[in-house]
Amino acid sequence: MPLVGTLLDHVREHRSGMVVDLAFAVAWVAVVSALFDLLQGPTWAYHLSLFAGVVAYFGFFASLEVARDSS
């Protein structure tokens, strides 16, 4: 039972961040999927674009943190 309590505490503490992460991931995958459905691009480019979401995520939130620290 301590594992469940620890997990619930973690979710309570990081709830808003987890929701933002999920929203970013869903939006990125939806946009990339819609774009490649429309353009019929190659599979390797589709996978590369999905992976670029990881880079975009860390880049966006790192620049957001820098902007918050500078103001």
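Each remark here, short or long, concerns the structure printed above.
Here the structure is a predicted model, which means the values were calculated and not measured.

Visitor: I'd like a description of the overall build of the chain, backed by residues and values.
Guide: Counting its regular elements, the chain contains three helices and zero strands. The order of α-helices and β-strands along the chain, N terminus first, is α-α-α. Radius of gyration (C-alpha) of the chain: 17 Å, far over the 11 Å computed for a compact globule of 71 residues. When its C-alpha atoms are laid out on the principal axes, the chain stretches across 50 × 40 × 15 Å. Among the 71 residues that make up the chain, the fraction classed as buried is 6%.

Visitor: Account for the packing of aromatic side chains, naming residues and giving values.
Guide: This model, assessed by the stated rule, comprises eight aromatic pairs. With 5.5 Å between their ring centres and 65° between their planes, Phe 24 and Tyr 57 make a pair best called edge-to-face. Separated by 33 residues along the polypeptide, Phe 24 in helix 2 (residues 15-39) and Tyr 57 in helix 3 (residues 43-70) bring together distant segments of the chain. Assessed through its relative accessible area of 21%, Phe 24 is described here as partly exposed. Measuring from ring centre to ring centre gives 5.1 Å for Tyr 57 and Phe 58, while their planes differ by 80°; the resulting arrangement is edge-to-face. Using a relative accessible area of 55% as the deciding quantity, one classes Phe 58 as exposed.

Visitor: Explain the pattern of salt bridges residue by residue, including any values.
Guide: A side chain with one charge may pair with a side chain of the opposite charge, provided their charged atoms come close. Applying the stated criterion across every chain, the model contains one salt bridge. Residues Arg 12 and Asp 9 are paired through a salt bridge, measuring 2.9 Å at the closest nitrogen-oxygen approach. Of the two residues, Arg 12 and Asp 9 are both situated in helix 1 (residues 2-13); the distance of three residues between them amounts to about one turn of the helix. A relative accessible area of 51% means that Arg 12 is categorised as exposed. We classify Asp 9 as partly exposed; its relative accessible area is 44%.

Visitor: Go over the packing of helix 2 against helix 3, please, and point to the residues and values.
Guide: Two numbers describe how helix 2 lies on helix 3: the axes approach to 10 Å, and their chain directions differ by 145°. The handedness of the crossing between helix 2 and helix 3 is right-handed. Residue-level inspection shows Val 20, Asp 21, Phe 24, Trp 28, Val 29, Val 32, Ser 33 and Phe 36 of helix 2 in contact with helix 3, the latter providing Ala 45, Tyr 46, Ser 49, Leu 50, Ala 52, Gly 53, Ala 56, Tyr 57 and Phe 61. Residues that form the contact of helix 2 with helix 3 fall into these classes: 13 nonpolar, three polar and one charged.

Conventions adopted
- Residues numbered from 1 in each chain as written.
- Predicted model: local features only at pLDDT ≥ 70, side-chain atom pairs only at ≥ 80, totals over all residues.
- Heavy atoms only, no water.
- Helix = DSSP H or I, 4+ residues; strand = E, 2+ residues; numbered from the N terminus.
- Rg over C-alpha atoms; globule rule 2.2 N^0.38 Å.
- Buried < 20%, exposed > 50% of the residue type's maximum accessible area, 1.4 Å probe, protein only.
- Phe/Tyr/Trp six-rings, centres within 6.5 Å; stacked < 30°, edge-to-face > 60°.
- Salt bridge = Lys/Arg side-chain N within 4 Å of Asp/Glu carboxyl O.
- Axes fitted to C-alpha atoms, helices over the stretch in contact; angles between N-to-C directions.
- Left-handed = near helix turned anticlockwise from the far one by under 90°.
- Contact = heavy atoms within 4.5 Å.
- Nonpolar A, V, L, I, M, F, W, Y, C, P; charged D, E, K, R; others polar.

From the geometry alone we can't say anything about function, so treat these as descriptive.
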